[in-house]
Each structure stands twice: as structure tokens, then as C-alpha cells.
Amino acid sequence: MPSNPGFVELGNRLGKETLFSYIKNFGFGAKTNVDLNGEANGILFPLSKVGPLELATTAFGQGI
């Protein structure tokens, strides 16, 4: 079973630039382009505003 501290460590090792590039490459923060009423873009932190707390919460999925 995964744990939050493990994912925080993984996020720290990757660094914010790499982690956020992976997240964007998986399509998070963008519409799916499926015809769904009311679909909106996901919300991601701007890279310039990502500090240690935002990096940690994003790494285990609550910051996305």
C-alpha cells in the first residue's frame, strides 16, 4: 500500500520541474476533449508558486 511520505520523498527527488512535466504529460490540468457538458481544465499550481508544501501535496495527489 502506498504511503504519503514515500510519495513526498519521490517528489523531492524528482524536483518540481520534472514532477510537473510528468503530470502535464499525463494530461492533468487539461480538458479531455471528450464532449462533456461543463468540463473544465484541471487546476495545477503555477510552477513559479510551487514551494516545498505544494510539491509535497502534489506528489501524493492532493495538490492536483
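Structure first, text after, so check above.
All of these numbers come straight from a predicted model, not from anything done at the bench.

What counts and how
- Residues numbered from 1 in each chain as written.
- Predicted model: local features only at pLDDT ≥ 70, side-chain atom pairs only at ≥ 80, totals over all residues.
- Heavy atoms only, no water.
- Helix = DSSP H or I, 4+ residues; strand = E, 2+ residues; numbered from the N terminus.
- Buried < 20%, exposed > 50% of the residue type's maximum accessible area, 1.4 Å probe, protein only.
- Contact = heavy atoms within 4.5 Å.
- Areas by Shrake-Rupley, 256 points an atom, 1.4 Å probe, with all protein chains shown as cover.
- Lys, Arg positive; Asp, Glu negative; His and termini not counted.
- Charge placed at Lys NZ, Arg CZ, Asp CG, Glu CD.
- Core = buried A, V, L, I, M, F, W, Y, C linked by side-chain atoms within 4.5 Å.
- Salt bridge = Lys/Arg side-chain N within 4 Å of Asp/Glu carboxyl O.

Colleague: Mind showing me how you'd approach the overall build of the chain here?
Modeller: If you tally the helices and strands in the chain, you get 3 helices and 0 strands. Walking the chain from its N terminus toward its C terminus, one meets helices and strands in the order α-α-α. Seen through its C-alpha atoms, the chain measures out along the principal axes to roughly 35 × 30 × 15 Å. Buried residues in the chain amount to 20% of all 64 residues. Across the chain, contacts joining residues at least 24 apart in sequence account for 50% of those joining residues at least 6 apart. On the chain, roughly 4800 Å² of surface is accessible, and the fraction owed to carbon and sulfur atoms is 57%. Each charge class in the chain was averaged separately, 5 positive and 5 negative side chains, and the resulting centres sit 6 Å apart.

Colleague: Just checking my understanding: could you explain the nonpolar core for this structure?
Modeller: The tendency in soluble globular proteins is for nonpolar side chains to be buried side by side. Ranked by size, the top nonpolar core spans 7 residues in total: Leu19, Phe20, Ile23, Leu44, Val50, Leu55 and Ala59. At the level of elements, α2 (16-25) and α3 (52-59) are the ones that each hand at least two residues to this core. Ignoring anything within four residues of it in the chain, the contact list for Phe20 reads Phe45, Leu47, Val50 and Thr58.

Colleague: Is there a simple way to explain α3 in this structure?
Modeller: Along an α-helix, residues three or four positions apart point the same way, because every turn accommodates 3.6 residues. Those residues of α3 not exposed but buried are Leu55, Ala56, Thr57, Thr58 and Ala59. Buried residues along α3 sit against α1 (4-14) and α2. Residue Gly61 follows α3 closely and has a positive phi angle near 100°.

Colleague: I keep staring at the pattern of salt bridges and nothing clicks. Help me out?
Modeller: When charged atoms on two side chains of opposite charge get close, those side chains can pair. According to the stated counting rule, one finds 1 salt bridge in the structure shown. Between Glu9 and Arg13 there is a salt bridge, and its shortest N-O distance comes to 2.9 Å. In this pair, Glu9 and Arg13 both sit in helix α1, 4 residues apart, roughly one turn of the helix. By relative accessible area, Arg13 is classed as exposed at 68%.

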